[in-house]
Amino acid sequence: MKKLIVITGAGSGFGKEIARTFSEIGHPLLLIGRNKEALDQLGLANTMTRSVDVGNQSAFNEAILAAESVYDDVDLLINNAGQMLLGDVGNQAATEWERMINVNLIGTLNGIQAVLAGMTDRKSGTIINVSSIAGFKAFENHAAYCATKFGVHGLTETVRLEASKNNVRVLLISPGAAETPLLSHTTRDDIKDGYHAWKQTMGGTAMDPKAVANAVAFMYAMPQEVSIRELVIASTMQDN
């Protein structure tokens, strides 16, 4: 049997397509998301599903231990869970900042810590953190979101440096706009309307999330001694 892969935020968007891609290759999976019903509806073979808030460290650890007891050690963790609550800092509710920090940043830290020691001991393993173009570029009404994704960017590079001596890969993929439900988290209709107007400059359709899933599979498929440290992927017509 192929090695165990853990995917967070697997119920929709990038996570759902990544799960399908690796299931087709034959990997056993642990799928983590807020909506267990959505995870189960994927109907993937050799798959364990868990409803976990990635900001809850103990629940995250327990889910990974349960999957490893069935499928052996985690060889790939994909920290994909994310929240995008857009708004201007002067007026945005602090609860929205806290939610993004908890999921986007604390959740990524929790995932890394849950698997890194085992990978270090085995001198093998891969962690792929899903960031965003907003992790290195500024966008209007994205301040708090950018802050979390800039954080994921810096976190990934630092842990990559620390883990590389033990042959563990810590990689970053930064997608641009895509056809996922991420924008639906935003509560302001005017910001959503502005996004949809911007999407018209890309021909009315943003990037297919399957492209991101294929890119993640490509990064993982490299030999363990080769790291695609960072991959930026976006629609050709996306102008920023």
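Residues numbered from 1 in each chain as written. Predicted model: local features only at pLDDT ≥ 70, side-chain atom pairs only at ≥ 80, totals over all residues. Heavy atoms only, no water.

At a minimum axis separation of 8 Å, helix H1 (residues 13–25) and helix H7 (residues 209–221) run at an interaxial angle of 50°. Between H1 and H7, the angle is such that the two are oblique. Relative to H7, the crossing made by H1 is right-handed. Along its contact with H1, which presents Gly13, Phe14, Glu17, Ile18, Thr21 and Phe22, the element H7 presents Pro209, Lys210, Val212, Ala213, Asn214, Val216, Ala217 and Tyr220. (Axes fitted to C-alpha atoms, helices over the stretch in contact; angles between N-to-C directions. Helix = DSSP H or I, 4+ residues; strand = E, 2+ residues; numbered from the N terminus. Parallel < 35°, antiparallel > 145°, perpendicular 65-115°, else oblique. Left-handed = near helix turned anticlockwise from the far one by under 90°. Contact = heavy atoms within 4.5 Å.)

Before going further, it helps to spend a moment on a nonpolar patch on the surface. A surface patch of nonpolar side chains, amounting to about 220 Å² of accessible area, comprises Ile101, Ile106 and Leu109. Structurally, the position occupied by Leu109 is in helix H4 (residues 94–122). (Patch = residues over 30% accessible without salt bridge, like charges linked within 9 Å, V, L, I, M, F, W, Y side chains within 5 Å. Areas by Shrake-Rupley, 256 points an atom, 1.4 Å probe, with all protein chains shown as cover. Salt bridge = Lys/Arg side-chain N within 4 Å of Asp/Glu carboxyl O.)

Moving on, we get to the side chain of Glu17. Secondary-structure assignment places Glu17 in helix H1. Engagement of the side chain of Glu17 in a polar contact is seen with the side chain of Arg20, the distance being 3.2 Å. With residues near it in sequence (within four places) discarded, Glu17 still touches Pro209, Lys210 and Ala213. (Polar contact = N/O pair within 3.5 Å; in protein donor to acceptor, adjacent residues only side chain to side chain.)

Bringing the pairing of strand E5 (residues 126–130) into the picture now. E5 sits mainly inside the fold: 5 of its 5 residues count as buried. Burial of the side chains of E5 extends over both faces: Thr126, Ile128 and Val130 are buried on one face and Ile127 and Asn129 on the other. Considered for its hand, the β-α-β crossover made up of strand E4 (residues 74–79), H4 and E5 is right-handed. One ladder, built from 5 bridges, connects E5 with strand E6 (residues 169–175); its direction is parallel. Across the sheet, Val130 pairs through a bridge with Ile173, a residue of E6. (Buried < 20%, exposed > 50% of the residue type's maximum accessible area, 1.4 Å probe, protein only. Right-handed = clockwise from strand over helix to strand, strands pointing away. Pairing = 2+ DSSP bridges.)

Summed over all chains, the structure comprises 1 aromatic pair. With a centroid separation of 5.8 Å and 75° between ring planes, the pair formed by Phe22 and Tyr220 is classed as edge-to-face. With Phe22 in helix H1 and Tyr220 in helix H7, this pair connects stretches of sequence that are 198 residues apart. By the burial criterion, Phe22 is buried, and Tyr220 matches it. (Phe/Tyr/Trp six-rings, centres within 6.5 Å; stacked < 30°, edge-to-face > 60°.)

The next subject is the sheet that holds E6. Strands sit in the order E3-E2-E1-E4-E5-E6-E7 across an open sheet of 7 strands; the sheet is parallel. The open sheet has two edge strands with one neighbour each: strand E3 (47–51) and strand E7 (230–233). Within the sheet, the average angular offset between the axes of one strand and its neighbour, ignoring direction, is 15°. Bridging between E4 and E5 involves 4 bridges; their strand directions are parallel.

In this fold, Ala178 is placed in the loop between E6 and helix H6 (189–199). Overall, Ala178 belongs to the buried group, its relative accessible area being 11%. Along the sequence, Ala178 and Asp190 sit 12 residues apart, while their C-alpha atoms lie 19 Å from each other. Once residues lying within four places of it in the same chain are set aside, the contact partners of Ala178 are Phe14, Tyr195, Ala206 and Met207.

With that out of the way, let us pick up the packing of H4 against helix H5 (residues 143–163). Where H4 meets H5, the axes come as close as 8 Å, and the angle between the chain directions of the two elements is 15°. Relative to H5, the element H4 is oriented roughly parallel. Crossing angle aside, the handedness with which H4 passes H5 is right-handed. Taking contact as the criterion, the partners of Trp97, Met100, Ile101, Asn104, Leu105, Thr108, Leu109, Ile112 and Leu116 in H4 are, on H5, Ala144, Tyr145, Thr148, Lys149, Gly151, Val152, Leu155, Val159 and Ala163. Of the residues contributing to the contact of H4 with H5, the split by class is 13 nonpolar, 4 polar and 1 charged. (Nonpolar A, V, L, I, M, F, W, Y, C, P; charged D, E, K, R; others polar.)

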